[in-house]
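So you can see what is in the structure, the chains are spelled out below.
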Amino acid sequence: MPAITEARPAAHKGPRGRVVIFGTWCKGCGLCVEFCPTGVLALDQDSHPIVVAPEKCTACHWCDTHCPDLAIVVQPLEVAR
Amino acid sequence: MTARLMQGNEAVGWGALAAGCRFYAGYPITPSTEIAEMLARELPKIGGKFIQMEDEIASLAACIGASVGGLKAMTATSGPGFSLMQEHIGYAAMTEVPCVVVNVQRLGPSTGQPTSGSQGDVMQARWGTHGDHPIIALSPTSVRQAFDLTVQAFNFSERYRTPVILLLDEVIGHMREKVELPDPAAVRVVDREITSVPAEWYRPYGDAPSDVPPMAPFGTGYRYHITGLFHDPAGYPTQRLDEIDPWIDRVFRKIERNLGEIVLVEEDGTEEANTIVVAYGATARSAQHAVKLARGQRAKIGQVTLLTLWPFAEAVIERVAHTARRIVVPEMNLGQLALEVERIAGRRKVVRVNRADGEMVTPMMILEAIERK
Amino acid sequence: MSKDEHSAYNYLRHTKKFPNVWCSGCGIGIVMSALIRAIDRIGLAKDDVAVISGIGCTGRMPVYLDFNTMHTTHGRALAFATGLKFARPELKVIVIMGDGDALAIGGNHFIHAARRNIGLTAIVVNNSIYGMTGGQHSPTTPLGSRAATAPYGNIEPPFPVCELAAAAGAAYVARSTVYHAVELDRYIEQAIRKNGFSLVEAVSYCHTTFGRMNKLGPAVEMMRRLKENSVTKAAAEKLAPSERPDVIVRGVFRDEDRPEYTALYDEVVRRAQGAAGASVRSAGGAG
């Protein structure tokens, strides 16, 4: 399992993480959307999270360490210097 | 082994060790504490484990936890503690975890008379916890039998993956007799069936030819789930009737199809006796004396001594009831197992001899009932 | 494991139905996730881990986890776990409880397990209510709060969970919240590594019962309150006693080395066997 390391901001252009949501497990509690520090996520009309600003993901892992249903995961991206 | 003077409670301890018990968790309560004291001394000598828990609820819980860990486990208590253990007797029955619960009965209810004998918990042993479940309960009539039936209790609990209750009364528990215990090597010991299937195939509650699925100890590669909720063959909670009903059928069947082995009874002159005395525990000793006296007057008297109280010895009672016109049932309670005898043999035939004041039913009381016109 | 999968999946029972049974937004799932991260970081073999629970919403956690798991009776998980740990000292035994489970009906076993300092990791998910049975007040429900059985306001002062465990003798005591999930998994990791009785209080919330009855809003609101209404131990020490009386203080309150029960019993076995020097690991495993 990839060690979850604190994401240290570094001067770069693109996102550092790619957010994947599992609709079947997500109950739409809204925690990830509410507390994502950079607004990557938003609620759709069924109040389920969708990725609206993928480029803003800093791979801080708030969402996938707080999802009560393990229904979201942040895959680290190779960061282009 | 050489004969020596031994107390009933102590014999229970030696029986447990001979049966392979390596874990005891209990709480002090008269008249059973000698069992705990003996095992606190003897278990660590053979690498076994003894713990005194904070109450009887915790004691049986710890035994079940240890049994899940692979050790044969026992607790011993008396009425008040036995009442506290009921929920976990039900849990052990539901989760099919082997364990032995010794209840050295004392006069109840409540604090009652801690140092006086009683057989007042017989129905509690059968119906004490909530819900329907099978149970095995044994009751010795001597210090030697206290040893033998403790071994038997472990063997039944291991073979059938069930809690087994060993009902002593304070008389058997505290009295001392000359006893020659068998050599431990000569004692027949049954161990639970351990599984050997690949881990992903293992079903802790799956069907088995014997109706008793093998039980893997925790930590040996079989990571399964145990719950007090109704569960499916994998042990996961279920509300599906097509999983609950088969479980109920199997769990009762695993006992009922083995009554031949489980129901232990001693019969003396019951073939064509017209009067039969049905007794158990310490009262069976008074009955033996009364029967001897009655036989002196040419009466055809027989005695059935029940070593297994639950499941009830229906077949035996039904058989002897054919010839007997009178069945005397002496008990140190106000009539408990007598209800079962009456259910089988009919109330008209049964003469109850009861006392619940802490004293033994005397031979004279039984003799009077035998000869009553 | 495909790259899209959550790293926790390696520890879930794939034969179990997901998503889990808890209400949308419930903190118990966050505690489970933190527990998995702690176990994964330590690198424990699944066979060597046992997770034991009592009755309540927390009781349904172990069945989801690919370890040796037991769902026992209300309040008694620590007693079952004591028996298992004592019989198999080599197992890492983790006990999941709710606040009512651990401190009301389970209070007696809680203080004695701590007093014995037997090697168990107790995680109390403290949402200050009996959630499963519909919102009755528990031993940690705040004074004055509404509950199904305190319709006029709770008049019973709550237990200080960590102080109780420490006073009873626990070797490790820490508190965090489900908002501080990464801090929580650190404390759980330390608790599991600890040789002795360790307690982690995971402050959570129940928006379904407690939140509704006390008009505290949905899960996101109650989560926000955990963020804004908690401070670290260091920060708390700077606060005047009367300042922020009901702030949640997070931190490690005790981390001491105390003789562990099963190790002490190995001494008993040695003394009993009169073996002068030979150390005898007591016979665990099949009886």
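Residues numbered from 1 in each chain as written. Chains lettered and ligands numbered in written order. Predicted model: local features only at pLDDT ≥ 70, side-chain atom pairs only at ≥ 80, totals over all residues. Heavy atoms only, no water.

**As for the sheet that holds strand β4 (residues 120-126) of chain C**
At step 1: Taken together, 9 strands build an open sheet; the order of strands is β10(B)-β2(C)-β1(C)-β3(C)-β4(C)-β6(C)-β5(C)-β8(C)-β7(C) and the sheet is mixed. In this open sheet, the two edge strands, each paired with only one partner strand, are β10 (225-227) of chain B together with β7 (230-232) of chain C. When strand polarity is set aside, the average angle formed by the axes of neighbouring strands in this sheet is 20°.
At step 2: Judged from the 6 bridges that link them, strand β5 (residues 172-177) of chain C and strand β6 (residues 198-203) of chain C form a sheet pairing that is parallel. Directly across from valine 173 of chain C, in β6 of chain C, lies its bridge partner leucine 199 of chain C. (Pairing = 2+ DSSP bridges. Helix = DSSP H or I, 4+ residues; strand = E, 2+ residues; numbered from the N terminus. Axes fitted to C-alpha atoms, helices over the stretch in contact; angles between N-to-C directions.)

**Topic: the nonpolar core**
At step 1: Formed by 159 residues in total, the largest nonpolar core has its most connected members in Phe23, Met74, Val102, Trp310 and Ile327 of chain B together with Leu199 of chain C.
At step 2: For this core, the element with the highest residue contribution is helix α7 (residues 143-160) of chain B, accounting for 9 residues.
At step 3: Judged by nonpolar contacts, the second largest core, of 78 residues, contains Leu35, Leu44, Val125 and Ala181 of chain C. (Core = buried A, V, L, I, M, F, W, Y, C linked by side-chain atoms within 4.5 Å. Buried < 20%, exposed > 50% of the residue type's maximum accessible area, 1.4 Å probe, protein only.)

**Some points on the sheet that holds strand β12 (residues 275-279) of chain B**
Working definition: the strands of a sheet are paired by backbone hydrogen bonds and lie parallel or antiparallel to each other.
All names here are of chain B.
At step 1: Reading across the sheet, the 5 strands line up as β11-β13-β12-β15-β16 and stay open at both edges, with mixed pairing between neighbours. Looking along the sheet, the strands with just one partner apiece sit at the ends: β11 (265-268) and β16 (350-354). Each strand of the sheet is rotated relative to its neighbour by a mean of 20°, with strand direction disregarded.
At step 2: When β11 meets strand β13 (residues 301-306), the two strands line up antiparallel, connected through 4 bridges. In the strand pairing of β13, glutamate 266 is matched with threonine 305.
At step 3: Each of β11, β12, β13 and β15 (326-331) touches helix α11 (residues 281-296); the most contacted strand, β13, lies at about 170° to it. (Contact = heavy atoms within 4.5 Å.)

**Quick look at the confidence of the model for chain B**
At step 1: When pLDDT is averaged along chain B, the result is 97; 100% of the residues meet or exceed 70.
At step 2: Our summary of model confidence lists the complex with pTM equal to 0.95 and ipTM equal to 0.95. (pLDDT = per-residue confidence, 0-100.)

**Description of the packing of helix α3 (residues 56-68) of chain B against helix α2 (residues 77-87) of chain C**
At step 1: Where α3 of chain B contacts α2 of chain C, the axes come no closer than 6 Å and their chain directions differ by 45°. Here α3 of chain B lies oblique to α2 of chain C, going by the angle between them. Read as a crossing pair, α3 of chain B and α2 of chain C show a hand that is right-handed. Contacts between α3 of chain B and α2 of chain C involve Ala58, Ala61, Ala62, Ile64, Gly65, Ala66 and Val68 of chain B from the former and Ala79, Phe80, Gly83, Leu84 and Ala87 of chain C from the latter.
At step 2: Class assignment for the residues of the contact of α3 of chain B with α2 of chain C results in 10 nonpolar, 2 polar and no charged. (Parallel < 35°, antiparallel > 145°, perpendicular 65-115°, else oblique. Left-handed = near helix turned anticlockwise from the far one by under 90°. Nonpolar A, V, L, I, M, F, W, Y, C, P; charged D, E, K, R; others polar.)

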